[in-house]
Each structure stands twice: as structure tokens, then as C-alpha cells.
Amino acid sequence: MEYVIAAVAIILLIVFVRCFKIVPQAHVFVIERLGSFHTEWETGLHFLIPFFYRIAGKVSLKEKVVDFKPQPVITKDNVTMQIDTVVFYQVTNARQYIYGVERPLAAIENLSATTLRNIIGELELDATLTSRDVINTKITAILDQATDRWGIKVNRVELKNILPPREIQDAMEKQMKAERERREKILQAEGDKKSQILVAEGEKESQILRAQAKKEAQILEAEAQKQAMILRADAVREQKILEATGEAQAIELVQQALADSLVKLNNASPNEKVIQLKALESFAKAADGKATKIIIPSEIQGLAGLASGLQGILEKNDTPAQ
């Protein structure tokens, strides 16, 4: 009997302990009482009365990400492609999430598939491939509005992959290859054009520089010749000035010497015989010239005797005394 009481006591203790529930952060527990909604437990410690109350659902309030498998869709120009979506959603009302829909993820997946088909059906292939942002915005708005009554908020929907048929992919690859080749040819042509322009501009600048250098060289050469002519003219002028100055000085010296000799001769009071002798010397100098005809003055004809007399006088003076 004692063992039975002890076992019952242990069971009651375990049940009592298990009645204490801890709600983690960012979670909500939906509590039912006798099969109907009673309340929501938020983060913290709670006591659950057994048999009368039960936890209908544990809901996480964190944002969740679900990746749905590819869905076949048909574009406006009748091209079938596969598109898979990624949905970012968050539970905002735990009660509506538990009681609003039976299978929330399946509901969101089917809703996103039908919405995606409607949106893609209004677009052509090229617009579908280049309008990801527009498609994402439209499907997000539609899903968020539709899931609001389920206590779910769709924050974002992204198109993960858009897979057109293989033949379309081959055609697109060929088109892309042709477009790349066209761009390559254009770039190569533009590069050749720019290269030719640069070469022409370089040749033009080179010719201009050569012409300028030749012009400057000619100018410098002309200036050098001008300076040389000026220097030669200055040298000739200075030479002539020096020669003229020298001749003038020589004439001046000769005249001065002649004047000095006349002064000395005048101071010596020469007699007539000395004057006749000087005249004879002057005649001798004149006779040494290049004149072919010489006219002898009558006064000089009597100078021969005078010369003989002077010679006798000089010899007498040179004879030593006895």
C-alpha cells in the first residue's frame, strides 16, 4: 500500500512539474480550454492546468524563408518556362495562424504559384527576363494582402531562377554571342579609328614641330649672319678708323718734324750755301721717285761747284794738325 501511495505521489509530482511551461523568446503559445481558444502565452513562465487546458500550437514570430520548387508558367508569347520563388514571411498573429488556415506553407506555395502565372501571363519572354524587380514587387503585394487574414505578413518574394526551354536558351546564347561579336567588332573599329586619328595627329604635330624648328633655325641663322656682317662691318670701320688715325698721326708727326726742322734751321741762321745744299738734297729725293721727266732749276746747276767746295772744306777739317 505504501508503495502505491509513493508511486501516485511521484506521478502527481511529475504532472505538477510538467504543468509549468516556459515560453522562449520570439515565440507565442496558443492555449485552448476545453477545446476552444482561451489565450496566448508570451515569453516567460506559465502554469498549465492539466485536463482542462492544452497548448494548441507553438508559433515562432521570427521571419522565415521558404524556397518553393520551380513552377511551370507560360508567357504572353506562349513560351513555357520554369520559375522558382523564395518567400520571406513572418507570423504576426498566432491565433489567426493556428485557426486561419490548415496548412499555411502549402497555402502560400499555391497562392504564389497562381499569382506568378497570372503576372507572367501578361508579359512576353524578353520582358520576363528583364523585369525581375517588377514581378517581385507585384507578387509580394498580392501575397501580403491575401495572407493577412492568416496572421502572416509576406515581407519579400524573390524570383530565384528563370529557366526558359532549351531551344530558347540556345537561341539566346547565339543571340548573345552575335551581340558580343558585334560589340567586339565595333570596339575594334573604334580602336582602329582612334589609333589612326592619334597617328595622324602625331604626324601633324611632328610636321608642325619640324616646320617650327626649321623656321627657328633659319631665323637663328639669319640673325647669326646679320650679327656676323655687323661685326665685320664694325671691324672694317674700326680698322679704317685706326688706319686713318694712324695716317693722320703720321702726317702730323711728319709735319711736326718738318716744322721743327724749319724752326731749327731758322734758329741756326743758315747762309745761302746751306740753303742751296738743302735744295740739292730735296732734288735728290725727287730724283729717286718714279717720275720720267725731271726739270732742274737753274739755281741747282751751280751747286756742283758748291758741292766740290764743301767737300774740300770737310777734308780740310778732317786732316789732323801738324
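Our subject in this report is the structure included herewith.

### Quick look at the sheet that holds strand 3 (residues 36–41)
Here is step 1: Strand order in the open sheet formed by three strands is 3-2-5, and the pairing between neighbours is antiparallel. Where the open sheet ends on each side, the last strands, each with one partner, are strand 3 and strand 5 (53–60). Taking the axes of each pair of neighbouring strands and ignoring which way they run, one obtains an average angle of 25° across the sheet.
Here is step 2: Where strand 2 (residues 27–33) meets strand 5, seven bridges bridge the pair, whose relative direction is antiparallel. Along strand 5, the bridge assignment pairs Val-30 with Gly-57.

### Some thoughts on the environment of Leu-159
Here is step 1: Within the secondary structure layout, Leu-159 lies in strand 9 (residues 152–163).
Here is step 2: Taking relative accessible area as the criterion, Leu-159 reaches 5% and is therefore assigned buried.
Here is step 3: C-alpha of Leu-159 to C-alpha of Thr-85: the two residues are 74 residues apart in sequence and 4.6 Å apart in space.

### Some details on helix 5 (residues 132–146)
Here is step 1: An ideal rise of 1.5 Å per residue puts 21 Å on 15 residues; helix 5 measures up with 21 Å between its terminal C-alpha atoms.
Here is step 2: For helix 5, every residue scored as buried is listed here: Ile-135, Asn-136, Ile-139, Thr-140, Leu-143 and Ala-146. Relative to the axis of helix 5, the buried residues are bounded by an arc of 135° and lie together on one face. In helix 5, those exposed residues whose orientation departs by more than 90 degrees from the buried face are Asp-133, Thr-137 and Gln-145.
Here is step 3: Next to the buried residues of helix 5 lie helix 3 (104–120), helix 4 (125–130) and strand 9.

About the thresholds
- Residues numbered from 1 in each chain as written.
- Predicted model: local features only at pLDDT ≥ 70, side-chain atom pairs only at ≥ 80, totals over all residues.
- Heavy atoms only, no water.
- Pairing = 2+ DSSP bridges.
- Helix = DSSP H or I, 4+ residues; strand = E, 2+ residues; numbered from the N terminus.
- Axes fitted to C-alpha atoms, helices over the stretch in contact; angles between N-to-C directions.
- Buried < 20%, exposed > 50% of the residue type's maximum accessible area, 1.4 Å probe, protein only.
- Expected span 1.5 Å × (residues − 1).
- Arc of directions from axis to C-beta.
- Contact = heavy atoms within 4.5 Å.

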